[in-house]
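The lines below spell out each chain.
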Amino acid sequence: MACGKLVCMTAVVVLAAVLSCANLMASSLPESQPSAAVMLGQAEAAWPGKPAQFQVLVAKLHLHEKQLTAQQRWHLQLLDTWPPTFDGKYASVEAALVDIIDHSGDKALAVRAQAALLRGKFFSRHYVEAYALANALMVELPTVTDPTARMEAMYQIILMLNRTAVGQYDLALQYARQMKSELPSPKAQCFGSALEVQSLLYGDKVTSGSPEFQHAIDVCLAAGVPEQVVPLRLDLASELIFEGHASRAITLLQRIAPDVRKTRYTAYLASLPVTLAQAYLSRGDAAKAREYALASIAVTGADSPLWTLPAAYKVLYEAEKMSGNDTAALTYYEKYVAQETAALDDAKASALAYQMVRQQVEAKKVKLDALSKQNSILQLRQALTSQAQRTSQLFIVLLLVVLAFITLAMVWLRRSQLRFRNMARHDGLTGAFNREHFFEEARGTLRRLSKTKTSVCLVVLDLDHFKLVNDTYGHAAGDVVLRHAVAACQGELRGSDVFGRLGGEEFGLLMPGCSREQGVEIATRIRLALAAMPMVLDSDSTIHVSASFGLVCSPCSELTLHQLLRQADLALYRAKESGRNRVDVSADASTRAQADEGLATHA
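In what follows, the accompanying structure is described. (Residues numbered from 1 in each chain as written. Predicted model: local features only at pLDDT ≥ 70, side-chain atom pairs only at ≥ 80, totals over all residues. Heavy atoms only, no water.)

Brief notes about the pattern of salt bridges
Thinking step 1. If you walk through the whole model with that rule in mind, you get 18 salt bridges.
Thinking step 2. Here Glu 129 ties to Lys 121 by a salt bridge, and the two come within 2.8 Å at their closest N and O atoms.
Thinking step 3. With relative accessibility at 40%, the residue Glu 129 sits in the partly exposed group.
Thinking step 4. A relative accessible area of 7% means that Lys 121 is categorised as buried.
Thinking step 5. Taking the shortest distance from any N to any O, the salt bridge between Glu 196 and Lys 180 comes out at 2.8 Å. Of this pair, Glu 196 sits in helix α11 (residues 186-202) while Lys 180 sits in helix α10 (residues 169-182), placing them 16 residues apart in sequence.
Thinking step 6. Judged by its relative accessible area of 23%, Lys 180 is partly exposed.
Thinking step 7. The structure contains a network of salt bridges with shared partners spanning Glu 44, Arg 112 and Glu 152. (Salt bridge = Lys/Arg side-chain N within 4 Å of Asp/Glu carboxyl O. Buried < 20%, exposed > 50% of the residue type's maximum accessible area, 1.4 Å probe, protein only. Helix = DSSP H or I, 4+ residues; strand = E, 2+ residues; numbered from the N terminus.)

Have a look at this one:
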């Protein structure tokens, strides 16, 4: 019996060990491929609307990462880059995206990684690399068959083309409609419809009442992509304000505020209050406008690259001016100008990068065409070796054609370079110097004049009631008024004067070798020339243009451009406050600058 008990106990121990080993083996078995694939799909569907669910799924996948296939591990690596990209930490995921592109061996994943890398390069302002990536994607797109990869590539390409500095709205619209026609999935239909509306809006082809707006919203809600509805409604609110329906815009923005906050996306969180601020300013409610503008700045901070920051400072300037707080208005105006200058510099860098990449592509195409023609010549020579004389003649003729083609191509490239340089220096609308080139020329002139102690005058002029012209007759009429004003100004300038557009309806004029009396005379002539040249739009509409002038003179050119501009801006501000259409002359610039420096030292 004792032996029987021992045998029984031994059998129990062995059975327990077997069961333990079986459990251990079961726990170490790799998850089945369909289960991993399902989890990857669920993670994709959860982002970005359900970030907590996304994180849980990704964590589970990492827990069994060794049991995934190679392709699934690359897919998981792509998912890992999404949260940092959403938070704007593009540099931290660049290496992982490049690794997927170079080593995954999966074309669909590589294209999706290229699209994500394009977004990171673009929003981190590496424009040359971004446009080069976009061009590569556009070339590769016809061969991409995976629907998700194709959708993401087209999405990023359209966002890039809708960039203001690029302004290829018609091409962006073509891609958006191609996305809708080729990709039937609800998500692709949502993205395609939303991007179609964006392209039409930026190209001034829709209004707030256009059916495309509501159609895109309905498609995205039906597709279960509410985060894409938020930017559509923000754009709709901005369009309502532009059309003069501020109250409707406020109602819409207050209704969608909870949805905006759910996105946790900084750009949307800042856009909501600044758009509300613009709406309240349009209604004349300075207090509300100030409150929401400050709320927008609180979201982004004072050094954000988003468009909302200069927009907020502009609202604050207008609100303080409306309230009669001149000192605060001037402070916010200076901040607005600084932000607007930075935005212009960024737009210029983006535009130049786009043109540079286009030029490189064209140059490469010319070179490939030339090489192809040279190869054809070599093949022709080899085929006609038995007819030496005829071959030689034909070779010479073809070589001359190739040389002529290459010469014409180089001439074309040189002309393109000169045209781009001219575009970089001159304002595209009026032909006057742009802000950056005006500052460069003015500083150089002041440096030369300071060596000879020559007098100089600076005028800053601003067209009166220009916003009313845009609101009444439209932006096309406003553009005509700006060109008309520049023509009137240039008719009164001397050959040595430096004239440029500082932004919007504001212009600068530096007059070397000019006394205070001469400066007043020239500014007055320009003012009278503007007032004496009314514009007739049609038989019923005539626009009378006038401007306010701020003049400052430095007898010995000892002041910097910044000091002169500050004094001229103050004089311009006084001219505006005194009734417009007048020239206000600053006190002696040297004396005032010394007084300002003395106050600063005492403080």
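Remarks on the sheet that holds strand β6 (residues 547-554)
Thinking step 1. One open sheet accounts for five strands, arranged β2-β3-β1-β6-β7; its pairing is mixed. In the strand order of this sheet, the two ends are held by β2 (498-503) and β7 (583-585), each with one partner. Within the sheet, the average angular offset between the axes of one strand and its neighbour, ignoring direction, is 20 degrees.
Thinking step 2. Pairing geometry for strand β1 (residues 456-463) and strand β3 (residues 506-512), over seven bridges, is antiparallel. Bridge pairing links Val 456 to Pro 512 in β3. (Pairing = 2+ DSSP bridges. Axes fitted to C-alpha atoms, helices over the stretch in contact; angles between N-to-C directions.)

Here we look at the packing of helix α8 (residues 127-140) against helix α9 (residues 147-161)
Thinking step 1. One way to put it is that α8 packs onto α9 with a least axis distance of 10 Å and a crossing angle of 130 degrees. By the criterion of interaxial angle, the relationship of α8 to α9 is oblique. Along this stretch, α8 crosses α9, giving a crossing that reads as left-handed. Counted together, Tyr 131, Ala 134, Leu 137 and Met 138 of α8 and Ala 153, Ile 157 and Met 160 of α9 form the full contact between these two elements.
Thinking step 2. Its residues assigned to classes, the contact of α8 with α9 shows seven nonpolar, no polar and no charged. (Parallel < 35°, antiparallel > 145°, perpendicular 65-115°, else oblique. Left-handed = near helix turned anticlockwise from the far one by under 90°. Contact = heavy atoms within 4.5 Å. Nonpolar A, V, L, I, M, F, W, Y, C, P; charged D, E, K, R; others polar.)

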